[in-house]
Amino acid sequence: MFKDFRLIAGRPVYIQVKDYMKHLMIKGALQGGQKLPSTRELSTLLGVSRNSVISAYEALADDGFTYAVQGQGSYVAPGAAAQAGSPDESAWTLDWKARLSSQARLAEELDIMKRGIRAAKGTISFTSIAPDESLFDLENVKRAFLERMAVEGNVLLNYGYAKGYKPLIDYLKQYMEHKGVDMRGKDMLITNGFTEGFDLVLSALGRKAGAVVCENPTHHTAIKNMKLHGFEIAGVAMERDGIHLGELKRALEAREYDCAYFVPSYHNPTGIVMSPEKRQRLMRLMAEYKVPVIEDGFNEELRYSGSHVAPLIAAAGGGNAVIYLGSFSKVLFPGLRVGWVVADQELIYYLESVKRARSIHTSTLDQSILYQYLLGGNLEKYLKRARAEYKRKYELTLACCQEHIPYASLTGDGGLHLFATFAEGFSTRELLDACREQGVIFTAGDMFYTNGQGQNTLRLGFSRVADEDILKGIEIIGRTARQLLG
């Protein structure tokens, strides 16, 4: 006994000793009523200072695991041995898989993280569209944290409000107004990123038709959530400047929908930016058929060239039929799980209650750090640097694709990815298998389609790939594709 104790750097020694001794008691190696080694003896056995052992024994007594007898030493408390326990009559085994709901089974079935490619070390991976952490503005984030904690640290570490941190809400309302959004009659709810916001909205929507219409392909996480909520999904094909309005009109004529879900800017996965003209026509069409719109404000800030394109909620003017989901996850720091919903104030009133029932509130600490960071004018400075770097990588990736990949079409107007479509009948799953053997992976595009199509498509995320790997990886993808095409 005591020979398997190992110190871990950076953690107080007495806590490690306390936890080690507690572990021995819980697993039954030290029984109730058993006398413990003296502090001097244990310090020798474990190779730590006697003061550390004294502090550990005091902490164990405070936790009720030991008791001291004056002049005799420390003993294991009877309750500690009971916690260890030997198997008793109340122990039984349950088959939890048999108890799972259909929603849990579907969530696991749709979980690409569990079924995705396990990349070996050194693999060139084009699967991610997360921001490049080397660009993160750490010094200003640290400064924002310290400044906000100095102002109201005691408040930030307590419970917050379901609706969100008011200073951040006020800031983001103004931010949305600068995007051209008429905020009159609208309100805002802070969420744990886009995904929670989308889940809350789908939870709150009444199901008259049980169906959602969206672009095809579209955001895989959105597909998962719509399926988990039991909605049928009608996907409408894309054109070079956004959703095909003719096909959308035919879909709207064919049946009713509870809502529509659109990603108009730097669409995931195609990277297409819907033209301002098409946005206006789209909103007129949705108004004609009285279908509310959920707008995903994905990557709006990563505009490399051209003028600002107002979101759909801005194109809707004073109307209240658009629900906007915003997030800085792909622009700033995904680790700060902060997103927002802008919608009619009555809908926000109910969403606040759904949010409170689900997760009480979004981390006030995260919200306050983001607020202080934004307040200091850091977003604009960061975006200038990030846009320059991502634009450079985008142009490099685009040039490599044009030189090496035998695609039928290639889309992506900015953002963090490109989307390639090959000739009909070509399998990007087969291409992926062949490329993986050569140390290169990407995202096969069929997962983004609502109807099982897209076997001839792929998405290339370049944001976290080094220049030399972009050059090498795309050359391998292109060469392998040509071999498969014969």
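Residues numbered from 1 in each chain as written. Predicted model: local features only at pLDDT ≥ 70, side-chain atom pairs only at ≥ 80, totals over all residues. Heavy atoms only, no water.

A. Examining the overall build of the protein more closely. Counting its regular elements, the protein contains 19 helices and 16 strands. C-alpha atoms of the protein, sized along the principal axes, occupy 90 × 60 × 50 Å. Relative to its full complement of 486 residues, the protein shows a buried share of 49%. In the protein, the share of contacts with a sequence separation of at least 24, taken over all contacts with a separation of at least 6, comes to 74%. (Helix = DSSP H or I, 4+ residues; strand = E, 2+ residues; numbered from the N terminus. Buried < 20%, exposed > 50% of the residue type's maximum accessible area, 1.4 Å probe, protein only. Contact = heavy atoms within 4.5 Å.)

B. A look at the sheet that holds strand E10 (residues 322-327). On the basis of which strands lie adjacent, the open sheet formed by eight strands has the order E4-E11-E10-E9-E8-E5-E6-E7 and mixed pairing. Each edge of the open sheet is held by one strand with a lone partner, namely strand E4 (186-191) and strand E7 (242-243). Helix H9 (residues 166-178) rests against E4, E10 and strand E11 (339-344) of the sheet, and its axis sits at about 125° to E4. (Pairing = 2+ DSSP bridges. Axes fitted to C-alpha atoms, helices over the stretch in contact; angles between N-to-C directions.)

C. Examining the domain arrangement of the protein more closely. Taken domain by domain, the protein holds domain 1 (1-92) and domain 2 (102-486). The centre of domain 1, based on its C-alpha atoms, is set 51 Å off from the matching centre of domain 2. (Domains from an automatic or database assignment.)

D. Representation of the packing of aromatic side chains. Scanning the model with the defined rule gives 15 aromatic pairs in all. Centroid distance Tyr 165 to Tyr 371: 6.0 Å. Interplanar angle 75°. Geometry classified as edge-to-face. Residue Tyr 165 is located in the loop between helix H8 (138-156) and H9, and its partner Tyr 371 is located in helix H16 (residues 364-375); the two are separated by 206 residues in the primary sequence. Of the two residues, Tyr 165 and Tyr 371, neither departs from the other in class, the shared state being buried. Ring geometry for Phe 194 against Tyr 261: centres 6.4 Å apart, planes inclined by 40°, an arrangement best described as tilted. Taken as a pair, Phe 194 in helix H10 (residues 193-204) and Tyr 261 in strand E8 (residues 259-262) lie far apart in primary sequence, 67 residues in all. (Phe/Tyr/Trp six-rings, centres within 6.5 Å; stacked < 30°, edge-to-face > 60°.)

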